[in-house]
Amino acid sequence: MKNTLKTASLLSLALLLGACGTSTTPTTTTAQHDGSLLKTAQVVTDRWFVELEGDPTSLSSQSVGAQQATFRAQAAKQGIKYQEISAYQTLFNGFAVQASSSEMGRISQMPGVLGIYPIHRVDAPETTVDLNATVTPEMFYAKGMTGADIAQNELGLTGKGVKVGVIDSGIDVDHPAFKGRIVAGYDFVGDDYGKDSKYVPVPDDNPDDCGGHGTHVAGIIGGYDPGNSRDGRPFAGVAPEVSFGAYRIFGCGGSSYDDVILAAMERSVKDGMQVVNMSLGSAFDNWKETPLAKAADRMVKKGVVMVASAGNSGASGTYSMGGPTMGDQVISVASVDNAKIDLEGFTLSNGTKIGYYTATGAPAPTLGTTLSITKRPGSTTTTTNDGCTVSGGFAPGSLTGKAVLIRRGTCSFYEKAKNAQDAGASAVILYNNAAGYISPTVAGTPAITIPVVSISDTDGAKIDGLIAAGVSMTFDGSKVSINNPTANASSSFSSIGMSAELEFKPDLGAPGGNIYSTYPLSADPTGYEVLSGTSMASPHVAGAAALLLQAYPNTAAKDMRTMLMNTASLRWYLNGSTLVTGVPDYAQRQGAGMINIVNAYTNSVRATPAKLSLGESATFATRSKVVVLKNTGARREVYTAYNYPALTIGGTTLAPTPVQKYATMTINGQSADSASGVQIIVPPFSEVELNVVVTPPVGAADKAQYGGYVDLESTTSPNIVVPYGGFVGDYQSIQVLGNLIVGGKSQDFPALGDDVADTYYTEGQTVANPIDYTFKQVALDAAKPNELTLDAPYVIAQISHQARKLTMELLDGNGAVVDTLLKQEYLGRNCTNDLSKTSSTCDAYNTYSWDGKLSNGSAAANGTYQLRVKVLKALGDESVASDTEVYTSQKFTVARP
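Owing to the predicted nature of the structure, the values given are computational and were not obtained by experimental measurement. (Residues numbered from 1 in each chain as written. Predicted model: local features only at pLDDT ≥ 70, side-chain atom pairs only at ≥ 80, totals over all residues. Heavy atoms only, no water.)

### Some details on the sheet that holds strand E14 (residues 305–309)
Alright, step 1. Within the open sheet, the seven strands sit side by side as E8-E11-E7-E13-E14-E15-E23. Their pairing is parallel. Lying at the two open borders of the sheet, with one neighbouring strand each, are strand E8 (182–187) and strand E23 (508–513). For this sheet, the mean inter-axis angle between neighbouring strands, taken without regard to orientation, is 25°.
Alright, step 2. By the bridge criterion, three bridges tie E14 to strand E15 (residues 331–337) in an arrangement that is parallel. (Pairing = 2+ DSSP bridges. Helix = DSSP H or I, 4+ residues; strand = E, 2+ residues; numbered from the N terminus. Axes fitted to C-alpha atoms, helices over the stretch in contact; angles between N-to-C directions.)

Shown next, in the form of structure tokens:
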């Protein structure tokens, strides 16, 4: 089974990480596993960050340089072979290196080395692009949600004089929305970086964007284009007079790598950026100690307001955030759906305009087409199988030249559209069987060749009632403005916290669903496109920070997050398509809530800390925190303080479910859960302490995450919120080394891989025949004799939860430790535990290989050995045995010829 699992190195880790495995008793079996089942494309690396012990923001450049010179000298003295790719001295003390497995194992144990970390491949953030332009919400709507419109029009704030860096795919330098405002920048990669999986950087000084993502982000931050007006209003971002720094780390397509991103971060600091936006990151790698998160924190220390997207991995469950957004001082931004959307429309013969979405996989309607509308005989607004084959479909030729109205339900959209097309229909109108709109796909074979559009349930019922008397429709290009059915709710794709260390994340929410903004002219002649993602939410906050820096230029970078979090407004839970007013969505998905720029500008009372991380309830039954209210104004402020709990997150890591069990709270010894609340008075130019005691919810399932808000309500000033979050039970009870679902069945992992035998040996499996490895290069496919793989052992591990440390040891035949082969800190989790659900951005397992060498570089003698992997759990104590999980492989033989 030699494949990409083994082609990298001892430290070969899957870079896009997901989910907890099932704890079962190991199975004892002699059955051989089919190794080909694990021959999935794993993303592996032989490039690593090496971090030295000194903090570059606390040391002189001479001291950092001396530490790095010492490392190089020691490595040379020990005969360690590696290639230095880059050295860093501004935000990170260390190197990006390329080295073999054994060399990286030796580097990990050198004196002065704080840690080694895989250099992740970072895919261009996933966003939803409306290729048919059926949805065109204006920035005006999003700006109205955050107060940016009032800040611009009434407060006179535009971001003028503030420099904002965009670390992304660059900015279209020819786009009129940025004319004369790109004052700094650099292309670290070139157009072809990532093309055909080749990552050869060709840097230059022109950060022009051909990918699109960075231009869209920049437009939200501060684009301004008087040539694109609607209702007399030119397109304008949140802060339309900022100056830009463009730092291009993506080519025209594909991915980038952490070492390139770190170089861009260092350059943005040297260029004097005051705010930097990073709409990117590695999901599930959610430790504040990882290189990019640590570097982002150090940017704040150097005076940069650092804003990063929370990620789009909400469908992969909790603990799904990762990358720079995890930095302690970084503003981590979740996504909220836009308030309104403009749909393409058709007009009925009675003059009624109907908004629609064009189905994916079908051609767009031709403007000017007029068709009469019909439906299947006997169909009603309650028919459950309308248009499905099981219902008889449609009579041949019965729909020729007509548009057919079909209700959603029972069978696929493709089946309905195919049946209609076969009956001669010229178009299909799908209508929902629940409230709101759907965005269907009719992709399939053979392809659908007629337009297919979807409309709301109410519009479908309206048309259904007109068919008997005769009605037609015309695709006339009309626009229909509607209230977004999911408006102001947290976007379902937005990643869910907390961090691996139970730190409260994300911090804030901002509009990220269906956002209209600038796009490279080379990709779209209009220069505009609609995208969705936390990538679109983060620049709203970066723009807001620019506005507030213009208003209050002496604001410390570390204080900007507090200003914005204190005055945010809560988002309600979206139950399917129904917004449950008064029930806050998970605090771990929305943070403090939606930013409110105007309230942040006018608020004179600041609450610190801005959020409360309460840890695990097994350690402390209740948590006591002190919140300080500081009034910088001349007016006496009076608040009524309440506990406003959010939904608790129950279920499992991969399948979180809402639980209506809530924490209780006292403030200054009084109940904050009563209707009367607790009165708080903050005199002018004074400070007041709130002694907050939170008791976790009673009756919530073990391993649940709870959360809520200290809610300070005022009748004369902006309300203030301080979010909190905690964990129910013993955090170390979460299993790290999980089982893997292969072929639909859960198998006991970790496992020992054996490529030559084309198999793997699950945990506890007995082995009938001896396992041996020759450490020779072997051609596994006779048809490909030049494709060689090392015949060597490796451990396949499903990482169900983030781990503080992983150590791999070599044992002799008696179980005694021969050598420590690897030490790695701060591991992320895998995306899933089901092999059938993996993709290029979702891995189910990691691999840890041994190339037969000891840590001193010598070859291990022939004989019998085992590999042992020990994992220290997140927040675990090495002196507590139960905080460490241990896997020991079957015995095998080193049998070099």
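There's more to say after this.
### Notes on helix H8 (residues 413–422)
Turn by turn, an α-helix covers 3.6 residues, leaving residues three or four places apart pointing in a common direction.
Alright, step 1. Of all the 10 residues making up H8, eight are buried; the element is thus mostly covered by neighbouring parts of the structure.
Alright, step 2. Of all the residues in H8, the buried ones are Phe413, Tyr414, Lys416, Ala417, Lys418, Asn419, Ala420 and Gln421.
Alright, step 3. As for H8, its buried residues are in contact with strand E19 (402–407), strand E20 (427–431) and strand E21 (452–455).
Alright, step 4. Positive phi shows up at glycine 424, right after H8, with a value of about 95°. (Buried < 20%, exposed > 50% of the residue type's maximum accessible area, 1.4 Å probe, protein only. Contact = heavy atoms within 4.5 Å.)

### Brief notes about the state of the cysteines
Alright, step 1. Evaluation of the coordinates by the stated rule reveals three disulfides.
Alright, step 2. Each sulfur of the disulfide joining cysteine 210 and cysteine 252 lies 1.9 Å from the other. On the S-S bond that ties cysteine 210 to cysteine 252, the torsion sits near -95°, and the link is left-handed. Residue cysteine 210 is located in the loop between E8 and helix H5 (213–222), and its partner cysteine 252 is located in the loop between strand E11 (243–248) and strand E12 (255–257); the two are separated by 42 residues in the primary sequence.
Alright, step 3. Residue classification places cysteine 210 among the partly exposed positions, given a relative accessible area of 24%.
Alright, step 4. The partner cysteine of cysteine 831 in its disulfide is cysteine 842, sulfur to sulfur 2.0 Å. The sign of the -90° torsion about the S-S bond sets the cysteine 831-cysteine 842 disulfide as left-handed. Taken together, the residues cysteine 831 in the loop between strand E50 (817–827) and strand E51 (846–849) and cysteine 842 in the loop between E50 and E51 connect sequence positions 11 residues apart. Note on accessibility: cysteine 831 and cysteine 842 belong to one class, buried.
Alright, step 5. Cysteines bonded in the chain are numbered consecutively along the chain; their disulfide partners then correspond to 1-2, 3-4, 5-6. (Disulfide = S-S within 2.5 Å.)

### Digging into the pairing of strand E49 (residues 803–812)
Alright, step 1. Of all 10 residues in E49, eight are buried; the element is thus mostly enclosed.
Alright, step 2. Across eight bridges, E49 lies against E50 in antiparallel orientation. Its bridge partner being in E50, leucine 810 is matched across the sheet by aspartate 819.
Alright, step 3. Taking the residues that link successive antiparallel strands as the turn, the E49-E50 hairpin has four residues, and the phi of glycine 815 there is positive, at about 90°.
Alright, step 4. As defined by bridge partners, E49 adjoins strand E52 (residues 863–873) across nine bridges and the pair is classed as antiparallel. Residue pairing across strands places alanine 803 opposite lysine 873, the latter belonging to E52.

### With respect to helix H6 (residues 258–270)
Alright, step 1. Between its terminal C-alpha atoms H6 stretches 19 Å, which fits the 18 Å expected from 13 residues at 1.5 Å a residue.
Alright, step 2. Counting buried residues in H6 gives 10 out of 13 residues, a clear majority hidden from the surface.
Alright, step 3. Every buried residue of H6 is accounted for by Asp258, Asp259, Val260, Ile261, Leu262, Ala264, Met265, Glu266, Ser268 and Val269.
Alright, step 4. Looking one or two places after H6, you find glycine 272, whose phi comes out positive at around 80°. (Expected span 1.5 Å × (residues − 1).)

### What to know about unusual backbone geometry
Alright, step 1. Residue methionine 498 follows glycine 497 across a cis peptide bond; omega there is 0°.
Alright, step 2. Cis geometry marks the peptide bond from lysine 505 to proline 506, where omega comes out at -5°.
Alright, step 3. You can see proline 506 is positioned in the loop between strand E22 (472–483) and E23.
Alright, step 4. Notably, phenylalanine 284 is not glycine yet its phi reads approximately 75°, a positive angle.
Alright, step 5. Inspection of the secondary structure puts phenylalanine 284 in the loop between strand E13 (275–278) and helix H7 (291–301).
Alright, step 6. With a phi close to 55°, tyrosine 319 is a non-glycine residue in the positive phi region.
Alright, step 7. In this fold, tyrosine 319 is placed in the loop between E14 and E15.

### Concerning the confidence of the model for the chain
Alright, step 1. A residue-level look at the chain finds 94% of positions with pLDDT of 70 or above and a mean pLDDT of 90.
Alright, step 2. Note that residues 1–28 has pLDDT below 50 and, in this model, 150 contacts with residues that lie over four places away or in other chains.
Alright, step 3. For residues 128–138, every residue scores under 50 in pLDDT, and the model assigns this stretch 41 contacts once sequence neighbours within four places are set aside. (pLDDT = per-residue confidence, 0-100.)

### Section: the side chain of aspartate 464
Alright, step 1. Mapped onto the fold, aspartate 464 is located in helix H9 (residues 457–467).
Alright, step 2. According to the relative accessible area criterion, aspartate 464 is buried, its value standing at 15%.
Alright, step 3. Not counting chain neighbours up to four residues away, the residues in contact with aspartate 464 comprise Lys375, Ser379, Thr381, Leu405 and Tyr431.

### A closer look at the packing of H6 against H7
Helices that pack against each other are described as a pair by the angle of their axes relative to one another and the distance between those axes.
Alright, step 1. Taken N-terminus to C-terminus, the directions of H6 and H7 make an angle of 5°; their axes are 11 Å apart at the nearest point. Relative to H7, the element H6 lies roughly parallel. Contact with H6, carried on its side by Asp258, Ile261, Leu262, Met265, Ser268 and Val269, involves Leu292, Ala295, Ala296 and Met299 of H7 and no other residues of that element. (Parallel < 35°, antiparallel > 145°, perpendicular 65-115°, else oblique.)

### A few points about the sheet that holds strand E28 (residues 605–608)
Alright, step 1. Pairing in this open sheet of five strands is antiparallel, and the strands run E28-E30-E37-E34-E35 from one edge to the other. Here the strands that pair on one side only, and so sit at the sheet edges, are E28 and strand E35 (670–671).
Alright, step 2. Two elements, strand E30 (residues 623–631) and strand E37 (residues 687–695), share eight bridges in a ladder whose sense is antiparallel. Note that in E37 the partner of serine 624 across the bridge is valine 693.

### Quick look at the packing of aromatic side chains
Alright, step 1. If you walk through the whole model with that rule in mind, you get 26 aromatic pairs.
Alright, step 2. Geometrically, the ring pair formed by tyrosine 199 and tyrosine 257 is edge-to-face, given 5.0 Å between the ring centres and 90° between the ring planes. Placement of tyrosine 199 in the loop between E8 and H5 and of tyrosine 257 in strand E12 is noted, with a sequence separation of 58 residues between them.
Alright, step 3. The exposure class assigned to tyrosine 257 is buried, which follows from its relative accessible area of 10%.
Alright, step 4. With centroids separated by 5.9 Å and ring planes inclined at 80°, the aromatic side chains of phenylalanine 346 and phenylalanine 475 adopt a geometry described as edge-to-face. Taken together, the positions of phenylalanine 346 in strand E16 (residues 340–348) and phenylalanine 475 in strand E22 put the pair 129 residues apart, joining distant regions of the chain. We note that phenylalanine 346, like phenylalanine 475, is buried.
Alright, step 5. Across from the ring centre of tyrosine 186, 4.2 Å away, lies the NZ or CZ of arginine 267, which sits over that ring. (Phe/Tyr/Trp six-rings, centres within 6.5 Å; stacked < 30°, edge-to-face > 60°. Lys NZ or Arg CZ within 6 Å of the ring centre and 35° of its normal.)

### Examining the packing of H5 against helix H10 (residues 534–551)
Alright, step 1. Look at H5 against H10: their axes get within 8 Å of each other, and the N-to-C directions meet at 35°. Both H5 and H10 take part in a crossing whose hand is right-handed. Of the residues in H10, those touching H5 at His213, His216, Val217, Ile220 and Ile221 are Ser535, Met536, Pro539, His540, Ala542 and Gly543.
Alright, step 2. Class assignment of the residues belonging to the contact of H5 with H10 gives a composition of six nonpolar, five polar and no charged. (Left-handed = near helix turned anticlockwise from the far one by under 90°. Nonpolar A, V, L, I, M, F, W, Y, C, P; charged D, E, K, R; others polar.)

### Some points on the side chain of serine 279
Alright, step 1. As for its placement among the helices and strands, serine 279 is situated in the loop between E13 and H7.
Alright, step 2. Here serine 279 falls in the buried class, since its relative accessible area comes to 1%.
Alright, step 3. In this structure the side chain of serine 279 is engaged in a polar contact, spanning 3.0 Å, whose partner is the side chain of asparagine 277.
Alright, step 4. In this structure the side chain of serine 279 is engaged in a polar contact, spanning 2.9 Å, whose partner is the backbone oxygen of serine 535.
Alright, step 5. The contacts of serine 279, once residues within four sequence positions are left out, are Pro125, Asp168, His213, Val217, Ser309, Ser535, Ser538 and Pro539. (Polar contact = N/O pair within 3.5 Å; in protein donor to acceptor, adjacent residues only side chain to side chain.)

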